[in-house]
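Structure assessment
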Amino acid sequence: MKKTAHKHARFLVFSLAALSFLAAGCSNQGNDTGSKNPEGNGATKKETIEKEESLFIVKDNDVIITKSTGHNPICGYKGTGNYTYGGDPFVLADGDTVYLYTGHDLSDDSEVSRAVYNIPEYLCYSTTDMKEWKEEGSVFTLDTDNVKWAKDSTSAWASQVTKYKDKYYLYFCTWDKTSLGKQSIGVAVSDSPTGGFKDIGRPLVQGTLTAPESNSWDDIDPAVWTETDKDGTEHRYLAWGNSKFYVCGLNEDMVSVKDLNGDGEITCGTKEDNADIINNQEGLDYYTEAPWLYRRQDENGQYYGKYYLFYAYGWRERMAYAVTDDPLHGSWEFGKILMLPIATSNTNHMAVFDFKGKTYFVYHNGSLPDGNGYRRSPCITELHFDDDGNILPLEETAAGINGTIYKIALKDGSEISHEFFINSSGDNEYPYSEIKTGTDLGMDKDNEWVITPGKSDTENETYVSIQSENKPGLYLSVNEAGNITLAQDADASEETAERQTFHSVKGLAGDDGISFESVAQPGMYISVKDGMLCLSDGSDKENATFYISKQ
């Protein structure tokens, strides 16, 4: 979960088409809008509006657009200035219920500026339908009272909960005053997935055991996997590590490391014949941290095929995976990078699980207002395999698995989009605030939007905020020059909320369209001039009237 000590110098090379856009002010001559409809399929505008009329309601001069619900992040909404942030998500699917856990991110602005994580506890949410998430509260407070060996009470770093023989085990990591102040792996036990976890009173793996080390936080991000194979043999694995990847077997008690070579001593090395904790990351290209073990199941619940290890790759962190036939004894074969660096957080951390016939991928970003790499939020998307068991690439998604994606177009069918860009690997590029927006910019999915309640007043039904689907946390925003850019809400201020909120009214060019009046600058409307978005007084009515359709 932490920033790796080695910010890898090698980054992916992408072959990009050269894109050049001319930004023009709203005082310039507008475009010829033509007569195409927003779907571009030859239907008349009247037919298109009738087809899409359920997407909004006209009330006097106002328009109430059907807002997206169930979108990402899947929890944490508490109102402006009062969000619940939580990173390093981990998931337990237990019967008909899915439990989602996060560390509780409480870093203030001063701590963020000093790259300090303030995480005192683990929070839990539950669902039975993958739509509604119930707050279960804090399940374990990682302070020096509950964990006697902990060095402080603000370092509840990444964790995972698993169930084994009707007990629940929470594997965690924190700074360890009994191990030269290094990070160590601990475990707490409960009879319930939603609390009552009790630390076993000692580290499961001490940071002083895994020498040689790259840094004092090598021993973080525990991931556990248990299964019974077709021969009835149980397998219990624990993996972890930052910059180094470690894996070991667990005894049946689930709270002690298995003595693999039978020499009566737990040691760390590269081979089973001389160690019990194995440091073997050959094939794990650019392994950084955040391991997660997973294996597929057939329709009868039997595990089959290779083991997958998902992990954070490089810096800023991408999501990648590798496969093996045996996590302890086998070698790793690199799969591919699944997800590029995200738009609002320097780190990422995944959980992969099956529920009701589908496989899901949970990750974190900083897309809530005032979010960043120290104030994160859990998000979800579906994971897909091809016929050979390879995993298909993933993109960040604002809509998630339940949200609504819209397209927004002028009368001629020109669609509102943002310019194409790949999230930078350089920390100094963030937060994004001046991404160009206009008509028919970008590439695939750059023209998809999630419309949510207006951030400056979520109770006003006519207010909306318009978030990029593939760059979650980035919204259409009015800048100082009166242009509309794609920008992150990096401070959760009232001013930013107003810049990213628009009043939906009947189309200036006709009741069948919608115009978006700026809340920050009343009387000014989102408009298109020379292919770019900006604010205008709406006198060019055709270029200030839009038509929405559901993707």
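Described in the following lines is the structure provided in the data block. Keep in mind it's a predicted model, so treat the numbers as computed, not measured.

Quick look at the pattern of salt bridges now. Under the counting rule described, the total for this entry stands at 18 salt bridges. Across the pair Arg 375 and Asp 109 runs a salt bridge whose closest N-O atoms are separated by 3.0 Å. One end of the pair, Arg 375, is in the loop between β21 (358–365) and β22 (377–383); the other, Asp 109, is in helix α2 (residues 109–113), with 266 residues separating them in the sequence. On the accessibility criterion, Asp 109 (54% relative accessible area) is exposed.

Okay, the sheet that holds strand β14 (residues 268–269) next. The 5 strands are arranged β11-β12-β13-β15-β14 in an open sheet whose pairing can be described as mixed. On the outer flanks of this sheet lie β11 (223–228) and β14, each paired with one strand and no other.

Attention shifts here to the environment of Met 532. Mapped onto the elements, Met 532 comes out in strand β33 (residues 532–536). Residue class for Met 532 comes out buried when judged on its relative accessible area of 6%.

Summed over all chains, the structure comprises 0 disulfides. With no disulfide of its own, Cys 268 lies 9.6 Å from the sulfur of Cys 248, the closest cysteine sulfur. By relative accessible area, Cys 268 is classed as buried at 17%. For Cys 379, which is in no disulfide, the shortest distance to another cysteine sulfur is to Cys 75 and amounts to 8.8 Å.

As a further point, take the pairing of strand β12 (residues 234–240). Along β12, 5 of the 7 residues are buried, which leaves the element largely enclosed by surrounding structure. Looking at chain direction, β11 and β12 are connected through 6 bridges and run antiparallel. By the bridge assignment, Thr 228 is partnered in β12 with Glu 234. Linking β11 back to β12 in an antiparallel pair, the connection comprises 5 residues, with Gly 232 at a positive phi of about 85°. Sheet analysis places β12 next to strand β13 (residues 246–249), joined by 4 bridges and oriented antiparallel. Looking at β13, one finds that Leu 238 is bridged to Cys 248. Where β12 folds back on β13, the antiparallel hairpin that results is connected by 5 residues, among which Gly 241 adopts a positive phi of roughly 130°.

What counts, and at which threshold
- Residues numbered from 1 in each chain as written.
- Predicted model: local features only at pLDDT ≥ 70, side-chain atom pairs only at ≥ 80, totals over all residues.
- Heavy atoms only, no water.
- Salt bridge = Lys/Arg side-chain N within 4 Å of Asp/Glu carboxyl O.
- Helix = DSSP H or I, 4+ residues; strand = E, 2+ residues; numbered from the N terminus.
- Buried < 20%, exposed > 50% of the residue type's maximum accessible area, 1.4 Å probe, protein only.
- Pairing = 2+ DSSP bridges.
- Disulfide = S-S within 2.5 Å.

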